[in-house]
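# Fold and contact review
Below are the chains, spelled out letter by letter.
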Amino acid sequence: MQKLSADNPALLKLVLALNGVAADSRAESLEFALDGEVWAAARVNPASPLRYVERDGAELISGLGAEIGVRRAAPPAYAARRNARGIELGKIAAMCGTYATVILRGGCSLASAGRTCALCRGRELTEAAGEVWPIEEVVDALRAAFDEGDAEFVHVVLGHFAADDGGVRELVPYLDAIHRHFDTIVAVTMHPPADHRAIDFAYASGVDAVCYSLEAPDAETMRARFPGRASFIGFDRYLDALRHATSVFPSGAIWSELMLDLGTPAALETVAAKLAAMGVIPLFGVSAPGAAALDSEQAAGIATKTFEAVNRANISLNWIRDISTSFTPLDARQLLADAPQLPMLHHLGSSRLGAMTTRSLARMRRRLRVRRVRASFDSSQL
């Protein structure tokens, strides 16, 4: 196992995800920009062996025999401003890496939203669903995020919508507004729809990347950890929806998050390899820092094997840049001493000009592939 060092920011990101970070902060989590354009999020955990300190003008993470200079991503100024209803803009669109993240109906993602929805926990009858922010308030909050220069992409995280389309119909007006006001890529994390036509419709309506997060590595673990999700959605619907999405979305734009502390290494490696073989990129998170049964060496082993599986499947890595809340195959590549070279297109995509090119190509691909999907979906009455 490689030691923590400034030369290996990906390993620091992984250890921060597993353990969190101790800090004199009232925030629930901190976000860091590490060397190599690696973004890392860490929940504040007083028991963590890593500690964030500021000393003589320097920002450091110390612990485990290392002391590494970092840059904390300060909360953006816009986040504390309030709209006409008195809602802080940061509650509507929060920055994670370079993603302005909008959570609707409470969201459902341990990595991105920090929670699973009441349906997944079997409490949908006793817990109120989260806010569905008005479209104009979402646009205003996103405009503040883009104007301040922090945001490059938009990530929408949906909670549970009681419909066979998983909430796609409610999502479409937001997609229309976002694409009308901003030149950006929109990624969406949501429950998988029961009807696969909703996946076609989501892509046709402007979803650029989609994430159906298993979080659990197998059906048994899903039943134990997320009883409502297992009963009302089921493990197989996730796999079926992900498989269908690979026939619709471009390579690299279909993701599924897995929690490193919700399965054995063997189970996680098995499901990650299966997802990669389907054309899906597995992302790794942790449900609670410090609770992980895995140590960093085990976690790094799972992550690097997953990178190798993704590489064998020839899945594009252009779409998973700047994600702070999950450990990606692109991060895992940095843990390998003899990692294969990335294609030139990836290096172009990491620049602002390259990102503009990616957005233009995405729009062109959508125009070429979409054929009367919206009319078909409207007539289905889903």
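To start, this report covers the structure provided alongside it. (Residues numbered from 1 in each chain as written. Predicted model: local features only at pLDDT ≥ 70, side-chain atom pairs only at ≥ 80, totals over all residues. Heavy atoms only, no water.)

### Re the overall build of the protein chain
Rules: Labels follow the DSSP assignment, with helices taken as runs of H or I lasting at least four residues and strands as runs of E lasting at least two, numbered in each case from the N terminus. Contact criterion: two residues are considered in contact whenever any of their non-hydrogen atoms come within 4.5 Å of each other. Surface accessibility in these figures is a Shrake-Rupley result with a 1.4 Å probe; residues are shielded only by whichever protein chains are displayed.
In terms of regular secondary structure, the protein chain is built from 14 helices and 13 strands. In the protein chain, the share of contacts with a sequence separation of at least 24, taken over all contacts with a separation of at least 6, comes to 72%. Of the accessible surface of the protein chain, which amounts to about 16,700 Å², a share of 50% is contributed by carbon and sulfur atoms.

### With respect to the pattern of salt bridges
Put simply, the test is: What makes a salt bridge here is a side-chain nitrogen of Lys or Arg within 4 Å of a carboxyl oxygen of Asp or Glu, nothing more. Summary of the burial criterion: residues with accessible area below 20% of their type's maximum are buried, those above 50% are exposed, and those between are partly exposed, where the area comes from a 1.4 Å probe applied to protein chains only.
For the coordinates displayed, the defined rule picks out 12 salt bridges. The salt bridge partner of Arg 55 is Glu 67, with a shortest N-O separation of 3.0 Å. On the criterion of sequence distance, the pair formed by Arg 55 in strand β3 (residues 51-55) and Glu 67 in strand β5 (residues 66-69) is long-range, its members being 12 residues apart. When its relative accessible area of 46% is taken as the criterion, Glu 67 is described as partly exposed. Of the charged contacts, one joins Asp 140 and Arg 143 as a salt bridge, the two residues approaching to 3.7 Å between their closest N and O atoms.

### With respect to unusual backbone geometry
The residue Asp 56 is not glycine, and still its phi comes out positive at about 50 degrees. The exposed category is assigned to Asp 56, whose relative accessible area is 80%. Unusually for a residue other than glycine, Glu 215 sits at a positive phi of about 65 degrees. Topologically, Glu 215 is positioned in the loop between β11 (209-211) and α6 (219-225).

### Overview of the pairing of strand β1 (residues 29-34)
What counts is decided by this rule: The pairing criterion is simple: DSSP has to find at least two bridges between the two strands.
Of all 6 residues making up β1, 5 are buried, and the element is well covered by its neighbours. Two strands pair when backbone bridges link them, and β1 and strand β2 (residues 38-43) are joined in this way by 6 bridges, in the antiparallel orientation. Bridge pairing in β2 links Phe 32 to Ala 40. Connecting the antiparallel pair β1 and β2 is a turn made up of 3 residues, with Gly 36 showing a positive phi of about 75 degrees.

### What about the sheet that holds β2?
Threshold: Whenever a helix is involved, its axis is fitted only over the stretch in contact; in every case the axis is a line through C-alpha atoms, and angles between N-to-C directions fall within 0 to 180 degrees.
Judged by pairing direction, the sheet is antiparallel, and its 3 strands sit side by side in the order β2-β1-β6 without closing on themselves. With partners counted over all chains shown, the strands left at the sheet margins are β2 and β6 (71-72), one partner each. This element, helix α1 (residues 9-19), spans β1 and β2 of the sheet and lies at about 20 degrees to β2.

### Quick word on the pairing of strand β9 (residues 153-158)
Here β9 lies mainly inside the structure; 6 of its 6 residues are buried. Residues Phe 153, His 155 and Val 157 point to one face of β9 and Val 154, Val 156 and Leu 158 to the other, with burial holding for every one of them. Taken together, the 6 bridges between strand β8 (residues 99-104) and β9 define a ladder with parallel strand orientation. Bridged to Leu 104 within β9 is Leu 158. Pairing geometry for β9 and strand β10 (residues 185-189), over 5 bridges, is parallel. Each residue of the ladder has a partner; that of Val 157, found in β10, is Thr 189.

### A look at the side chain of His 191
Following the sequence through the fold, His 191 ends up in the loop between β10 and α5 (197-204). When its relative accessible area of 5% is taken as the criterion, His 191 is described as buried. Ignoring anything within four residues of it in the chain, the contact list for His 191 reads Cys 108, Cys 117, Cys 120, Gly 159, His 160, Gly 166, Tyr 212, Arg 229, Ile 233 and Tyr 238.

### Quick look at the packing of helix α3 (residues 135-147) against helix α4 (residues 168-181)
What counts is decided by this rule: The sense of a crossing depends on the near helix, which, turned anticlockwise from the far helix by less than a right angle, makes the crossing left-handed and, turned clockwise, makes it right-handed.
Where α3 meets α4, the axes come as close as 10 Å, and the angle between the chain directions of the two elements is 35 degrees. Here α3 and α4 pass one another in a crossing that is right-handed. Together, Ile 135, Val 138, Val 139, Leu 142 and Arg 143 of α3 and Pro 173, Tyr 174, Ala 177, Ile 178 and His 181 of α4 make up the contact between the two elements.

### With respect to the packing of aromatic side chains
What counts here: Aromatic pairing here means that ring centres of Phe, Tyr or Trp (its six-membered ring) are within 6.5 Å. Orientation follows from the plane angle: under 30 degrees is stacked, over 60 is edge-to-face, and everything else is tilted. In this scheme, Lys NZ or Arg CZ marks a charge over a ring once it lies within 6 Å of the ring centre and within 35 degrees of the ring normal.
Inspection of every chain in the model, using the stated rule, returns 4 aromatic pairs. Between Tyr 99 and Phe 153, the aromatic rings sit 5.1 Å apart at their centres with planes inclined by 40 degrees, giving tilted as the arrangement. With Tyr 99 in strand β8 and Phe 153 in strand β9, this pair connects stretches of sequence that are 54 residues apart. There is no split in this pair, since Tyr 99 and Phe 153 are both buried. One Lys or Arg, Arg 229, reaches over the ring of Phe 226 and ends 4.3 Å from the middle of that ring.

### Some remarks on the packing of α1 against helix α10 (residues 296-312)
Going by this rule: Reported orientations rely on four angle classes, namely roughly parallel under 35 degrees, roughly antiparallel over 145, roughly perpendicular from 65 to 115, and oblique for the rest. Note on residue classes: Ala, Val, Leu, Ile, Met, Phe, Trp, Tyr, Cys and Pro are nonpolar, Asp, Glu, Lys and Arg are charged, and everything else, Gly too, is polar.
Close contact between α1 and α10 brings their axes to 10 Å; oriented N to C, the two are set at 120 degrees. In this view, α1 runs oblique relative to α10, as classed from their interaxial angle. Where α1 crosses over α10, the two elements pack in a sense that is right-handed. Contacts between α1 and α10 pair Leu 14, Val 15 and Leu 18 from the former with Ser 296, Ala 299 and Ala 300 from the latter. Of the residues contributing to the contact of α1 with α10, the split by class is 5 nonpolar, 1 polar and no charged.

### What to know about the environment of Thr 189
What counts is decided by this rule: Any pair of nitrogen or oxygen atoms within 3.5 Å is treated as a polar contact; in protein, a donor-acceptor pairing is required on top of that, and neighbouring residues in sequence qualify only through side-chain atoms on both sides.
Positionally, Thr 189 belongs in strand β10. Contact partners of Thr 189, with chain neighbours within four places excluded, come to Cys 108, Ser 109, His 155, Val 156, Val 157, Leu 158, Cys 211 and Ser 213. Of the polar contacts made by the side chain of Thr 189, one reaches the side chain of His 155; its length is 2.8 Å.

### Observations concerning the side chain of Glu 215
Classification of Glu 215 as buried rests on a relative accessible area of 0%. For Glu 215, the residues in contact, after removing those within four places along its chain, are Ser 109, Leu 110, Ala 111, Thr 116, Phe 226, Arg 229, Glu 257, Leu 258, Met 259 and Leu 262.

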